[in-house]
Amino acid sequence: MANWKQNAPKAVDAPSDSSPSETNHTPASSSSAQPSVPAPQLALSHDLAKIVEVAQEKGSFTRRDVESALNCGPTKAKGLITELLGMGIIASEGSARGTRYRLR
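Values in this document were obtained by computation on a predicted structure and should not be read as measured data. (Residues numbered from 1 in each chain as written. Predicted model: local features only at pLDDT ≥ 70, side-chain atom pairs only at ≥ 80, totals over all residues. Heavy atoms only, no water.)

**What about the environment of Val54?**
Then comes step 1: Note that Val54 resides in helix α3 (residues 46-58).
Then comes step 2: Here the alpha-carbon distance between Val54 and Val66, two residues 12 residues apart in the chain, equals 7.7 Å.
Then comes step 3: Setting aside its immediate chain neighbours within four residues, Val54 contacts Gly59, Phe61, Asp65 and Ala69. (Helix = DSSP H or I, 4+ residues; strand = E, 2+ residues; numbered from the N terminus. Contact = heavy atoms within 4.5 Å.)

The structure is reproduced here in structure tokens:
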């Protein structure tokens, strides 16, 4: 019986070993979540970085603002905006012709 009791805590220790690693993983992802915001900005292409710059200068911007800043057409501007939306760097407000974008 004494051996059984000694084996039981070992079985309990195994899950507790995974719990600290999960616990250690959670703060690591929390601390990495803070640096992950600047990291995508550093990895942005020239065009995406220019859009972020426009957003910082104007506060909010339209697709036409992007077209003017990059000297590009509406299709490219919309594609770049969609990419930034997908990355979570910008958010949209309004709809259709009234759509404006801003930094998150």
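**Things to note about the packing of aromatic side chains**
Then comes step 1: Under the criterion given, the structure shown has one aromatic pair.
Then comes step 2: Both rings, one in Phe61 and one in Tyr101, keep their centres 5.6 Å apart while their planes meet at 35 degrees; by these two values the pair is tilted. Here Phe61, found in strand β1 (residues 60-61), pairs with Tyr101, found in strand β3 (residues 100-103); they are 40 residues apart in sequence, far enough to count as distant. The residues Phe61 and Tyr101 share a single accessibility class, namely buried. (Phe/Tyr/Trp six-rings, centres within 6.5 Å; stacked < 30°, edge-to-face > 60°. Buried < 20%, exposed > 50% of the residue type's maximum accessible area, 1.4 Å probe, protein only.)

**Some points on the sheet that holds β1**
Pairing between sheet strands relies on hydrogen bonds along the backbone, with the strands arranged either parallel or antiparallel.
Then comes step 1: One open sheet holds the three strands; their spatial order is β1-β3-β2, and the pairing between them is antiparallel. The open sheet has two free edges, formed respectively by β1 and β2 (90-93), since each of these has just one partner strand.
Then comes step 2: Bridge analysis of β2 against β3 gives four bridges, and the strand direction is antiparallel. Directly across from Ile90, in β3, lies its bridge partner Leu103. (Pairing = 2+ DSSP bridges.)

**Details of the nonpolar core**
Here is a general trend for soluble globular proteins: nonpolar side chains tend to be buried in one another's company.
Then comes step 1: Membership of the largest hydrophobic core comes to 17 residues, with the highest contact counts inside it found for Ile51, Phe61, Val66, Leu84 and Ile90.
Then comes step 2: Of all the secondary-structure elements, those providing two or more residues to this core are α3, α4 (63-70) and α5 (74-87).
Then comes step 3: Examining the composition of this core, we find that five residues originate from one element, α3, more than from any other.
Then comes step 4: When sequence neighbours within four positions are dropped, the list of residues in contact with Leu84 reads Leu44, Leu48, Ile51, Val52, Ile89 and Ile90. (Core = buried A, V, L, I, M, F, W, Y, C linked by side-chain atoms within 4.5 Å.)

**Topic: the environment of Glu93**
Then comes step 1: Residue placement: Glu93 occurs in strand β2.
Then comes step 2: Along the sequence, Glu93 and Ser60 sit 33 residues apart, while their C-alpha atoms lie 9.2 Å from each other.
Then comes step 3: Apart from the residues within four sequence positions on either side, Glu93 is in contact with Gly98, Thr99, Arg100 and Arg102.
Then comes step 4: Looking at Glu93, its side chain comes within polar contact range of the side chain of Arg102, at 2.5 Å. (Polar contact = N/O pair within 3.5 Å; in protein donor to acceptor, adjacent residues only side chain to side chain.)

**Section: the packing of α3 against α5**
Then comes step 1: At a closest axis distance of 10 Å, the pairing of α3 and α5 adopts a crossing angle of 80 degrees. In this view, α3 runs roughly perpendicular relative to α5, as classed from their interaxial angle. Of α5, the residues touching α3 (which contributes Asp47, Leu48, Ile51 and Val52) are Lys76, Leu80, Glu83, Leu84 and Met87.
Then comes step 2: Grouping the amino acids of the contact of α3 with α5 by side-chain chemistry returns six nonpolar, no polar and three charged. (Axes fitted to C-alpha atoms, helices over the stretch in contact; angles between N-to-C directions. Parallel < 35°, antiparallel > 145°, perpendicular 65-115°, else oblique. Nonpolar A, V, L, I, M, F, W, Y, C, P; charged D, E, K, R; others polar.)

**Structural notes on the pairing of β3**
Then comes step 1: Sheet analysis places β1 next to β3, joined by two bridges and oriented antiparallel. Within the sheet, the bridge partner assigned to Ser60 lies in β3 and is Arg102.
Then comes step 2: Counted along the chain from β2 to the antiparallel partner β3, the turn is six residues long, and its residue Gly94 has a positive phi close to 85 degrees.

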